[in-house]
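# Working through the structure, step by step
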Amino acid sequence: MNRQKHDFVLEAVIKVNTHKIFRICSIYAVSPIEPQDLFQEVVFQIWKSYKSFKGKSSIDTWVYKIALNVCFRSKMKLDKSNAKTERFDSIHFTPVAKENEDLEQERFQYLKACIATLNESDTSIIVLYLEDLSYKQIAVITGLSENHIAVKMKRIRKKLLACITPKMK
Amino acid sequence: MFEQELKDIWKKGYQEEDFKIDLSRLKTDLKGKMDTLKRSIRRRDITEIGASIFGILSFSYLAYEIPFPATKIACILTVLWFVYVIFKLKKNKKQKQPIDLSLTFRDQITNEKANMLQEVKLLNTVLYWYVIPPVIFNVIFIWGFGNPTDFDWTPWIIEKLVDNNKLDLLPISLLMKLLYVFGIIGFNVFVIWLNKRAVKKTLMPLIENIDTVISQLEDEK
C-alpha cells in the first residue's frame, strides 16, 4: 500500500472509531493520566502499527484490540513511559453543553461507577459488549472462547444489574 | 431491554461535539511523536552501553599504562567483563517478547508477564554477573597496586600526587588497600540491594497484578 493510500485509510479508520476509542479510554484512565492522554496514545499506536495489520480480523476488531491493550497497559502501569505526554495540537477536546445532558451524564456516571466495581477481566469484556460487539468479536479481541465469554457475560450482567438498578430509581 | 438501555447510556455518555480531530495536522503530530520516541530509544541505548564503553576505554588505557603485573591482568579481565556486560544486556533485550498491541488481550498480558519474569531473573542474578566478577578484579587490581616510584612509573597524575604529598591516597599501604576493598564491597552490596528492591517494589507487584487478571480471565472455563 503506498504512503498516500495508507494515510487515507488510516484517517478513515480513526474518524470512524474516534468515539468508540474515547469511551474505552474514559473507563481505563487513572489519574494523572486522563482519557484524552490515553486516546492520543491509542491513535498513535494505531498509526504506528497499521502497517502490520494483516486483515485476519476486521479493522474494527483490530482497533479495539489496540485500544484495549493500550488502555490496560496504562492502567496497570506496564509502560515505563507512563507519564503524561504532550497533547497534540490536532486533537481538540471542547465540552459542549447539550439538552438533557445532565440526566444522560448522571446515568453515564452511574454506569461508569458500576463498571469500576468489576474486576479487570470483566471490565474488558463489558466495555466491548456495550460497544455492541458480538461474543465472537469479543472472543477474538480477548483471546477467550465464545462460550467462555457467554458464561462470563451472564455473571457480569447480573452484577451490573444489581449495582445500577438502585441508582437509576 | 435492560441491556439496550445500558448500551444507549454508554454511547450517549460522550457526545460527538466534545472533541474534534484535525486529520491533516494529526499526521504531523504523529510523526513528531514518533521522532521523539526514536530519539529517546537511541538515547537510552547509548546510556546503557555508554557506561561499559567508557569502562572498556578507561581500563584498556590503565592496562597499557600501569606497570604492576597483577593490576595489569585485573584491568584486562575488567575490560573482558565490560564486553560481557554489553553482550548480556543485548541478549536479554533480544530474548524479550516484542510489545505487539495487536495481539489478543490474553496473549499480550502473557507476553508482558514473560518479559517481567525475565527481568526479575536478570536482576536477581546481578550478584553472579554484575557484582562478583568486578569485585574480584577490583581486589586483584588493588592488591597488585605497588609503589609507583619502585617501578619508576611517573605519569602526570602520580607526579601531581607526589608534589602534593598525597601518594598515600593510592592503595599502596595495607591500610589503604583494605579501605579500598571495603569501599568496593560496600558499594556492590548497595548495588545488590537496589536491584532486589526494584524486583520487590516494582516488578513483583506488577507480576502479581498480571497473574490476578490472567486468573480472572481463565476462571469459569
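Structure's up top.
Quick summary incoming for the structure in this document. Since the model is a prediction, treat every value here as computed from it, not as a measurement. Along each chain, residues carry numbers from 1 onward, in the same order as the chain's sequence is written. To label them, take the chains in the order written and letter them from A, then take the ligands in the order written and number them from 1. The model is predicted, so local features are restricted to residues of pLDDT at least 70 and side-chain atom pairs to those at 80 or more, both for listing and for counting; the totals for chains, interfaces and linings are taken over all residues. With hydrogens and water stripped out, all remaining heavy atoms of the structure feed into the side-chain values.

### Observations regarding the overall build of chain A
Scanning chain A from N- to C-terminus turns up seven helices and one strand. The way it works is that DSSP assigns letters per residue, a run of H or I at least four long becomes a helix, a run of E at least two long becomes a strand, and they are numbered from the N terminus. Listing every helix and strand of chain A by position from the N terminus yields α-α-α-β-α-α-α-α. Rg of the C-alpha trace for chain A: 17 Å, near the compact-globule value of 15 Å for 169 residues, within the 12% margin. When the backbone C-alpha atoms are referred to their principal axes, chain A occupies close to 55 × 40 × 35 Å. Relative to its 169 residues, chain A shows a buried fraction of 50%. By definition, residues are in contact when any of their heavy atoms lie within 4.5 Å. Within chain A, residue pairs in contact and separated by at least 24 positions form 67% of the contacts whose partners lie at least 6 positions apart. Only the protein chains shown count as cover for residues, and the accessible areas themselves come from Shrake-Rupley with a 1.4 Å probe. Working note: accessible area of chain A is about 8200 Å², and carbon and sulfur atoms make up 54% of it. We score Asp and Glu as negative and Lys and Arg as positive, and we do not count His or the chain ends. For charged residues, the charge sits on one atom: NZ in Lys, CZ in Arg, CG in Asp, CD in Glu. Of the side chains in chain A, 28 bear a positive and 19 a negative charge, and the two mean positions are spaced by 9 Å. Radius of gyration means the value over C-alpha atoms here, while the globule rule gives 2.2 Å times the residue count to the 0.38 power. For every residue, the accessible area obtained with a 1.4 Å probe (protein chains only) is divided by the maximum for its type, and the residue is called buried under 20%, exposed over 50%, and partly exposed between those limits.

### A few points about the overall build of chain B
A tally of regular secondary structure across chain B gives seven helices and one strand. Listing the helices and strands of chain B from first to last along the sequence gives α-β-α-α-α-α-α-α. A globule of 221 residues ought to have a C-alpha radius of gyration of about 17 Å, yet chain B, at 27 Å, is considerably larger. Each principal axis of the C-alpha atoms in chain B carries an extent, and together these give about 95 × 45 × 30 Å.

### A short note on the packing of helix α5 (residues 120-130) of chain A against helix α1 (residues 2-12) of chain B
The axes are straight lines fitted to the C-alpha atoms, using for helices just the contacting stretch, and the angles between their N-to-C directions are given from 0 to 180°. One way to put it is that α5 of chain A packs onto α1 of chain B with a least axis distance of 9 Å and a crossing angle of 90°. As summarised for this structure, α5 of chain A and α1 of chain B are arranged roughly perpendicular, according to the angle between their axes. For the pair α5 of chain A and α1 of chain B, the contacting residues are Val-127, Tyr-129 and Leu-130 of chain A in the first and Glu-3, Leu-6, Lys-7, Trp-10 and Lys-11 of chain B in the second. Class assignment for the residues of the contact of α5 of chain A with α1 of chain B results in five nonpolar, no polar and three charged. An angle counts as roughly parallel when it lies under 35 degrees, as roughly antiparallel when it exceeds 145, as roughly perpendicular when it falls between 65 and 115, and as oblique in every other case. Here the nonpolar group is Ala, Val, Leu, Ile, Met, Phe, Trp, Tyr, Cys and Pro; Asp, Glu, Lys and Arg are the charged ones; every other residue, Gly included, is treated as polar.

### Quick notes on the layout of surface pockets
Residue and element names in this part refer to chain B. Estimates place the volume of the second largest pocket at around 280 Å³. For the second largest pocket, the lining is made up of 15 residues, of which Leu-62, Phe-141, Phe-145, Pro-171 and Tyr-180 are closest to its centre. Put simply, the parts of the chain that give the lining of the second largest pocket at least two residues each are α2 (23-65), α5 (126-144), α6 (156-163) and α7 (174-218). Per-class residue counts for the lining of the second largest pocket are 14 nonpolar, one polar and no charged. Think of a 1 Å grid over the protein atoms and nothing else: a 1.4 Å probe that fits but is trapped marks a cavity, an open set flanked by protein within 12 Å on at least five of seven lines marks a pocket, and residues with an atom within 4 Å of a point count as lining. Grid points are joined across faces, edges and corners, and a volume is the space filled by probe spheres set on the points.

### Concerning empty space enclosed by the protein
Per the stated rule, a full pass over the model turns up three cavities of 30 Å³ or more. What the largest cavity holds in volume is close to 70 Å³. If you go around the largest cavity, the residues you meet are Asp-7, Leu-10, Glu-11, Ile-14 and Trp-47 of chain A together with Leu-23, Leu-26, Lys-27 and Leu-30 of chain B. Taken together, the elements giving at least two residues each to the lining of the largest cavity come down to α1 (3-28) of chain A together with α2 of chain B.

### A closer look at the packing of aromatic side chains
Stacked, tilted and edge-to-face are the three classes assigned to paired rings of Phe, Tyr and Trp, where Trp is represented by its six-membered ring and a pair needs centres within 6.5 Å; plane angles under 30 degrees give stacked, over 60 edge-to-face, the rest tilted. As enumerated under the stated definition, the model contains 19 aromatic pairs over all chains in all. Judged by centre distance (5.9 Å) and plane angle (70°), the rings of Tyr-50 of chain A and Trp-62 of chain A are edge-to-face. Residue Tyr-50 of chain A is located in the loop between α2 (35-49) and α3 (59-75), and its partner Trp-62 of chain A is located in helix α3; the two are separated by twelve residues in the primary sequence. For the pair formed by Tyr-50 of chain A and Trp-62 of chain A, the shared burial category is buried. A centroid spacing of 4.8 Å and a plane angle of 80° characterise the contact between Phe-72 of chain A and Phe-105 of chain B, whose relative ring orientation is edge-to-face. Here Phe-72 of chain A, found in helix α3, pairs with Phe-105 of chain B, found in helix α4 (residues 105-124), and the two come from separate chains. Per residue, the accessibility class of Phe-72 of chain A equals that of Phe-105 of chain B, and both read buried. Feature note: the residues Phe-59, Phe-68, Trp-81, Phe-82, Trp-129, Tyr-130, Phe-141, Phe-145, Phe-151 and Trp-153 of chain B constitute an aromatic cluster, connected by ring pairs. We call a charge positioned above a ring when the Lys NZ or Arg CZ atom is no farther than 6 Å from the ring centre and deviates by at most 35 degrees from the ring normal. Over the ring of Tyr-129 of chain A we find Lys-7 of chain B, and its NZ or CZ is 4.4 Å from the ring centre.

### What to know about the interface of chain B and chain A
Residue-level contacts link 51 residues of chain B with 71 residues of chain A. Salt bridges are defined by distance alone: a side-chain nitrogen of Lys or Arg within 4 Å of a carboxyl oxygen of Asp or Glu. Where chain B meets chain A, there are seven salt bridges. Between Glu-41 of chain A and Lys-33 of chain B there is a salt bridge, and its shortest N-O distance comes to 2.9 Å. Contacts described as polar in this section are N or O atom pairs within 3.5 Å, which, within protein, must combine one atom able to donate a hydrogen with one able to accept it, while residues neighboring in sequence count only if both atoms come from side chains. Along the contact surface separating chain B from chain A lie 23 residue pairs in polar contact (both at pLDDT 80 or more).

### Here we look at the environment of Ser-74 of chain A
Turning to its location among the elements, Ser-74 of chain A is positioned in helix α3. Considered as a pair, Ser-74 of chain A and Gln-137 of chain A are 63 residues apart in the sequence and their alpha carbons are 23 Å apart.

### A word on the side chain of Gln-40 of chain A
By the secondary structure assignment, Gln-40 of chain A is in helix α2. Since its relative accessible area comes to 3%, Gln-40 of chain A is described here as buried.

### Section: the pattern of salt bridges
Residue and element names in this part refer to chain A. Applying the stated criterion across every chain yields a total of 20 salt bridges over all chains. Measuring nitrogen to oxygen at the nearest pair gives 3.5 Å for the salt bridge that ties Lys-159 to Asp-122. Of this pair, Lys-159 sits in helix α7 (residues 146-168) while Asp-122 sits in helix α5, placing them 37 residues apart in sequence. Judged by relative accessible area, which is 37%, Lys-159 ranks as partly exposed. Taken together, the shared-partner salt bridges connect Asp-122, Lys-152, Arg-155 and Lys-159 into one network.

### Remarks on the state of the cysteines
Residues and elements named next belong to chain A. In plain terms, two cysteine sulfur atoms within 2.5 Å form what is called a disulfide here. Summed over the entire model, instances satisfying the criterion amount to one disulfide over all chains. Between the sulfur atoms of Cys-114 and its disulfide partner Cys-163 the distance amounts to 2.1 Å. Of note, the bridge from Cys-114 to Cys-163 carries an S-S torsion of about -85° and is left-handed in sense. Taken together, the positions of Cys-114 in helix α4 (residues 101-116) and Cys-163 in helix α7 put the pair 49 residues apart, joining distant regions of the chain. Summary of cysteine pairing: Cys-25 is not part of a disulfide, and the nearest cysteine sulfur, belonging to Cys-71, is at 3.7 Å. Accessibility expressed as a relative area gives 0% for Cys-25, which makes it buried.

In short, geometric facts, not functional conclusions.
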